[in-house]
Amino acid sequence: MLKSNIALLIDADNIPASKIAGIIADLSKHGEINIRRAYGNWSNAHLSPWKEYLHELAITPIQQFDLTKGKNATDMAMVIDAMDLLYLRHLDAFALVSSDSDFTPLVTRILTHGFKVYGFGERKTPNPFVKACSAFFYIETIGKSPQKEENSTPPKTLPAGNKLKQNSIKAATAKKTGEELKKDFKTINLLKGAVATAMDKDGWSSMSAIGTKIKPSNYGYAKLSSLFKTLDLFEVQQRQGTFYVREKKTANTIQSQAHLN
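From a predicted model like this one, the values you see are computed outputs, not experimental measurements. (Residues numbered from 1 in each chain as written. Predicted model: local features only at pLDDT ≥ 70, side-chain atom pairs only at ≥ 80, totals over all residues. Heavy atoms only, no water.)

## So, the layout of surface pockets
- In this model, the second largest pocket occupies a volume close to 280 Å³.
- Along the walls of the second largest pocket sit Thr104, Thr108, Pro128, Lys131, Ala132, Lys176, Asp184, Lys186, Thr187, Leu190, Asn218 and Tyr219, which together make up its complete lining.
- Of all the elements in the fold, those that place two or more residues in the lining of the second largest pocket are helix H4 (104–112), helix H5 (127–132) and helix H8 (185–197).
- Tallied by class, the residues present in the lining of the second largest pocket amount to four nonpolar, four polar and four charged. (1 Å grid on protein atoms, 1.4 Å probe; cavity = no way out; pocket = protein on both sides within 12 Å on 5 of 7 lines; lining within 4 Å. Points joined across faces, edges and corners; volume = space filled by probe spheres on them. Helix = DSSP H or I, 4+ residues; strand = E, 2+ residues; numbered from the N terminus. Nonpolar A, V, L, I, M, F, W, Y, C, P; charged D, E, K, R; others polar.)

Now the structure itself:
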């Protein structure tokens, strides 16, 4: 079985250097890390701990000066590189190492092209970034007893009396109605993109293929078919035990073309 080719892009400003060896070890279980790049202003003293790891782990440092005082341009440099790599089409997955939610739109864009996105960050990583990734790994567990965090499954136990966190968890796992989902444009675009990447000539996409990109539990649904059925933007069909889905506007386009022919 061929290994996946992975591009590893590291936001060095947001991740402790001491964690990178463990991150690479964990990521290697998912494929071959062909590209390894770390972004930051390497003239800054706070990045000096990284230097001993760059050569040892074959990581290429990408210099990005702070163009405005108090701001860094690392995020933009990573996004530009990711988009360049995306269109080279010789990769199967990306790994983004950061605790910054600014990368959430990038994750969504990569997913719509059919690539997996592995995220690595601290527990403080905002939920939108965690949920957007195909799989997210909290770096605090690396080197201890690492556990995969599939799309931000929250901790099940919390300190007694912490009602605020408990309420946040309940809100994150509550089932969303079709109308609520339709108002969430990022989610709708993610669903449409996942369907488009697995689409056959008739516009149908296998649920099993889409399931590698979409986790229904993020929206309070046990099954992916139930998630799509609650939205009137899609139609769902079952054939010999396998579910298929297609966007309704795709179906209308195909029917119109068939009528013209």
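Structure shown, so let's carry the discussion forward.
## Focus: the environment of lysine 51
- Secondary-structure assignment places lysine 51 in helix H2 (residues 51–56).
- Note on lysine 51: relative accessible area 48%, which makes it partly exposed.
- Taking the C-alpha atoms as reference points, lysine 51 and proline 61, separated by ten residues in sequence, lie 8.9 Å from one another. (Buried < 20%, exposed > 50% of the residue type's maximum accessible area, 1.4 Å probe, protein only.)

## Some remarks on the pattern of salt bridges
- Applying the stated criterion to the full structure yields eight salt bridges.
- Here aspartate 26 and lysine 29 are joined by a salt bridge, their closest N and O atoms 3.8 Å apart.
- The buried category is assigned to aspartate 26, whose relative accessible area is 11%.
- Between lysine 176 and aspartate 184 there is a salt bridge, with the nearest N and O atoms lying 3.8 Å from each other.
- A cluster of three or more residues bridged by salt bridges with shared partners is formed by Glu179, Lys182 and Asp232. (Salt bridge = Lys/Arg side-chain N within 4 Å of Asp/Glu carboxyl O.)

## A short note on the sheet that holds strand S7 (residues 205–206)
- Across the sheet, three strands lie side by side as S7-S9-S8; this open sheet has antiparallel pairing. Of all the strands in the sheet, the pair left with one neighbour each is S7 and strand S8 (234–239).
- Pairing of S7 with strand S9 (residues 242–247), which is carried by two bridges, proceeds in the antiparallel orientation. Along S9, the bridge assignment pairs serine 206 with tyrosine 244.
- Relative to S9, H8 is tilted by about 115°, and along the sheet it contacts S7, S8 and S9. (Pairing = 2+ DSSP bridges. Contact = heavy atoms within 4.5 Å. Axes fitted to C-alpha atoms, helices over the stretch in contact; angles between N-to-C directions.)

## Topic: the pairing of strand S4 (residues 93–97)
- Among the five residues that make up S4, five are buried, leaving the element largely enclosed by the rest of the structure.
- The alternating pattern of S4 places Ala93, Ala95 and Val97 and Phe94 and Leu96 on opposite faces, both of which are buried.
- Relative to S4, strand S1 (residues 5–11) is paired through five bridges, and the arrangement is parallel. Each bridged residue has a counterpart across the sheet, and for leucine 9 the counterpart in S4 is leucine 96.
- The parallel pair S4 and strand S5 (residues 116–121), bridged by H4, forms a crossover whose chirality is right-handed. (Right-handed = clockwise from strand over helix to strand, strands pointing away.)

## Quick notes on the nonpolar core
- Phe94, Ile214 and Phe228 are the most contacted members of the largest nonpolar core, which has 43 residues in total.
- Looking at this core element by element, the count peaks at six residues for helix H3 (residues 74–86).
- Residues Ala17, Ile20, Ile23 and Ala38 belong to the second largest nonpolar core, which totals 28 residues. (Core = buried A, V, L, I, M, F, W, Y, C linked by side-chain atoms within 4.5 Å.)

## Concerning unusual backbone geometry
- One non-glycine residue, alanine 58, lies in the positive phi region at around 55°.
- Among the structural elements, alanine 58 can be located in the loop between H2 and strand S3 (60–63).

## So, H3
- With 13 residues, H3 ought to run about 18 Å at 1.5 Å a step, and its terminal C-alpha atoms sit 18 Å apart, in line with that.
- Where H3 is concerned, the buried positions are Thr74, Asp75, Ala77, Met78, Asp81, Ala82, Met83, Leu85 and Leu86.
- In the core, the buried residues of H3 are packed alongside S1, strand S2 (32–40), S4 and H4. (Expected span 1.5 Å × (residues − 1).)

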